[in-house]
Amino acid sequence: MALQCGIVGLPNVGKSTLFNCLSNAKAQSANFPFCTIEPNVGVITVPDERLNKLAELVNPQRIVPTNVEIVDIAGLVKGASKGEGLGNKFLANIRETDAILHVLRCFDDDNITHVDGSVNPLRDKEIIDYELQLKDLETIEGRINRVQKQAQTGGDKIAKLQYEVLRQYKEALEQGKAARAVSFESKDEQKFARELFLLTNKPVMYVCNVDDASAVNGNKYVDMVREAVKEEDAEILIVAAKTESEIAEFDTYEERQMFLNEIGLEESGVSRLIRAAYHLLNLQTYFTAGEMEVRAWTYLKGSKAPQCAGVIHTDFEKGFIRAEVIKYNDYITLGSEAAVKEAGKMNVEGKEYVVEDGDIMHFRFNV
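The rules behind the values
Residues numbered from 1 in each chain as written. Predicted model: local features only at pLDDT ≥ 70, side-chain atom pairs only at ≥ 80, totals over all residues. Heavy atoms only, no water. Helix = DSSP H or I, 4+ residues; strand = E, 2+ residues; numbered from the N terminus. Buried < 20%, exposed > 50% of the residue type's maximum accessible area, 1.4 Å probe, protein only. Areas by Shrake-Rupley, 256 points an atom, 1.4 Å probe, with all protein chains shown as cover. Patch = residues over 30% accessible without salt bridge, like charges linked within 9 Å, V, L, I, M, F, W, Y side chains within 5 Å. Salt bridge = Lys/Arg side-chain N within 4 Å of Asp/Glu carboxyl O. Lys, Arg positive; Asp, Glu negative; His and termini not counted. Charge placed at Lys NZ, Arg CZ, Asp CG, Glu CD. Pairing = 2+ DSSP bridges. Axes fitted to C-alpha atoms, helices over the stretch in contact; angles between N-to-C directions. Contact = heavy atoms within 4.5 Å. Left-handed = near helix turned anticlockwise from the far one by under 90°. Core = buried A, V, L, I, M, F, W, Y, C linked by side-chain atoms within 4.5 Å. Parallel < 35°, antiparallel > 145°, perpendicular 65-115°, else oblique. Disulfide = S-S within 2.5 Å. Phe/Tyr/Trp six-rings, centres within 6.5 Å; stacked < 30°, edge-to-face > 60°. Lys NZ or Arg CZ within 6 Å of the ring centre and 35° of its normal.

Engineer: Is there a simple way to think about the overall build of the protein chain in this case?
Structural biologist: Helix and strand counts for the protein chain come out as 14 helices and 12 strands. Counting all 367 residues of the protein chain, 48% fall into the buried class. Taken as a whole, the protein chain presents about 18700 Å² of accessible surface, with 47% of it coming from carbon and sulfur.

Engineer: Can you walk me through a negative patch on the surface in this structure?
Structural biologist: A cluster of acidic residues, D108, D110, D211, D212, E246, E249, D251, E254 and E255, forms a negative patch on the protein surface. In this structure, D251 sits in the loop between α8 (241–248) and α9 (253–262). Overall, D251 belongs to the exposed group, its relative accessible area being 72%.

Engineer: Mind showing me how you'd approach the sheet that holds strand β7 (residues 234–239) here?
Structural biologist: As a general point, the strands of a sheet are linked pairwise by backbone hydrogen bonds and lie either parallel or antiparallel. Taken together, the six strands give an open sheet; going across it, the order is β2-β4-β1-β5-β6-β7, and neighbouring strands pair in mixed fashion. Two strands in the sheet have a free side with no partner beyond their single neighbour: β2 (40–45) and β7. Between one strand axis and the next, the sheet turns by 25° as a mean value, whatever way the strands run. By the bridge criterion, four bridges tie strand β1 (residues 4–8) to strand β5 (residues 99–105) in an arrangement that is parallel. Each residue of the ladder has a partner; that of I7, found in β5, is L101. The strands touched by helix α1 (residues 15–22) within the sheet are β1, β2, β4 (67–72), β5, β6 (204–209) and β7, with β4 carrying the most contacts at an inclination of about 155°.

Engineer: Is there a simple way to think about the packing of helix α4 (residues 121–153) against helix α5 (residues 157–174) in this case?
Structural biologist: Between α4 and α5, the shortest axis-to-axis distance is 8 Å and the interhelical angle comes to 145°. Note on packing geometry: the crossing formed by α4 with α5 is left-handed. Listed contacts from α5 to Q133, D136, L137, I140, E141, R143, I144, V147, Q148, Q150, A151 and Q152 of α4 are A159, K160, Q162, Y163, L166, R167, Y169, K170, L173 and E174.

Engineer: Would you take a moment to explain the nonpolar core for this structure?
Structural biologist: A general tendency of soluble globular proteins is for nonpolar side chains to be buried together. By size, the foremost hydrophobic cluster in this structure holds 58 residues, and its most contacted members are L22, I70 and L101. Here the element with the most residues in this core is helix α10 (residues 269–280); it accounts for seven residues. When neighbours within four sequence positions are excluded, I70 is seen to be in contact with C5, I7, F19, L22, N40, V41, G42, I44, L101 and A277.

Engineer: What's the story with the environment of L134 in this structure? I'm lost.
Structural biologist: Tracing the backbone shows L134 in helix α4. Judged by its relative accessible area of 24%, L134 is partly exposed. As for L134 and L199, which are separated by 65 residues in sequence, their C-alpha atoms are 9.9 Å apart.

Engineer: Where do I start with the packing of α4 against helix α7 (residues 220–229) in this structure?
Structural biologist: The geometry of a pair of packed helices is captured by two quantities: the angle between their axes and the separation between those axes. Where α4 contacts α7, the axes come no closer than 9 Å and their chain directions differ by 45°. The angle between α4 and α7 places the two elements in the oblique class. Contact with α4, carried on its side by P121, L122 and K125, involves Y221, M224, V225, A228 and V229 of α7 and no other residues of that element.

Engineer: Explanation requested: the environment of I63 in the structure shown.
Structural biologist: Tracing the backbone through its elements, the reader meets I63 in strand β3 (residues 62–64). For the pair formed by I63 and A296, sequence separation is 233 residues and the distance between their alpha carbons is 8.5 Å.

Engineer: Teacher, can you tell me more about the state of the cysteines here?
Structural biologist: Disulfide: a covalent bond formed between the sulfur atoms of two cysteine residues. In this structure the tally under the stated criterion is zero disulfides. Counting only cysteine sulfurs, C208 is the nearest neighbor of C106, a cysteine outside any disulfide, at a range of 4.0 Å.

Engineer: How should I be thinking about the packing of aromatic side chains in this particular structure?
Structural biologist: Any pair of aromatic rings gets described here by the distance separating the centres and the angle formed by the planes. A complete count under the given rule lists six aromatic pairs for this structure. Members of the aromatic cluster, connected to one another through ring pairs, are Y286, W297, Y299, F320 and F363. Above the plane of the ring of F107 lies R105, whose end atom (NZ or CZ) is 4.5 Å from the centre.

Engineer: Would you mind going over the pattern of salt bridges with me for this structure?
Structural biologist: Any two side chains of opposite charge can pair, given that their charged atoms come close. Enumeration according to the criterion identifies 19 salt bridges in this entry. A salt bridge links E171 to R167, with the nearest nitrogen and oxygen atoms 3.3 Å apart. Taken together, the positions of E171 and R167, both in helix α5 and four residues apart, correspond to about one turn of that helix. E171 sits in the partly exposed class, given a relative accessible area of 42%. A salt bridge links K230 to E227; its shortest N-O distance comes to 2.7 Å. When its relative accessible area of 56% is taken as the criterion, K230 is described as exposed.

Spelled out as structure tokens, the structure:
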């Protein structure tokens, strides 16, 4: 399931440093703009303690975690929507991603140049928001010109629906709002809205890159961001990218945990960020557990059993008969599949069953 989160931000806010912490792919990291030109893609393991606990009970030959793709995209500057800097390339790359991790510089450091000369995360946020909104407005105006006459003078119901969606988006964007601030009730409107692939309609998380001292509670810059996004449908995560790069240098888990404890963190910001990116993409996890392997599988939240079976193999979906489902807590509490069956806790579900996060599944199918 190749869904991607794109890391975006102005030059020199710590995007590539963060990306390097997230993956084994080493993007360049230097103190000058446009160090990252081609988007770097990292396939990153999603930390999930449930997988380890299942493996302890089953003792399989191998353990296979799930993953998420993160893309490090070149830094954007003012005027990108008109092609300034690497603007066109930036906007094309971000259009291909499914969600946005917007990195904001929330630390002072005279040794690291800021493209606009001073640290101000709100200004930085507004620059990128504005450029994305301008590009979306360009898209909307191009489409609205094609359907407006047809919608207003003819009896074309589809054209009228499309015009109404476009009109609402245009109004919001002209007010400086993101497309994600607009919601639609009918499924036809929602479907057309998705097909527009607007940049500001993508789910977003603001990643506040802070100094070591602010890694736990944030700072004045983080407070500014919290206040600015409180009415947006967006999340905030605090990460000290420089500290995370130091953590990544430790060889053992114990050393990393000791370092985290010293600075007051229970787990690394990278682990929190990976899980947050996974959920930002609307992804969830089900498990299969047997002697050969215990494995985590990724599926889109809300998927039914046949679609989840298809994640393993298309034949599983085509020939789906039923799914045998064990709830994670039942498996952990009772200790084995046999004990779950004996307690009557294994459910047999059909095609309409909506899979829940953490379900342990066994699919029956006939091809």
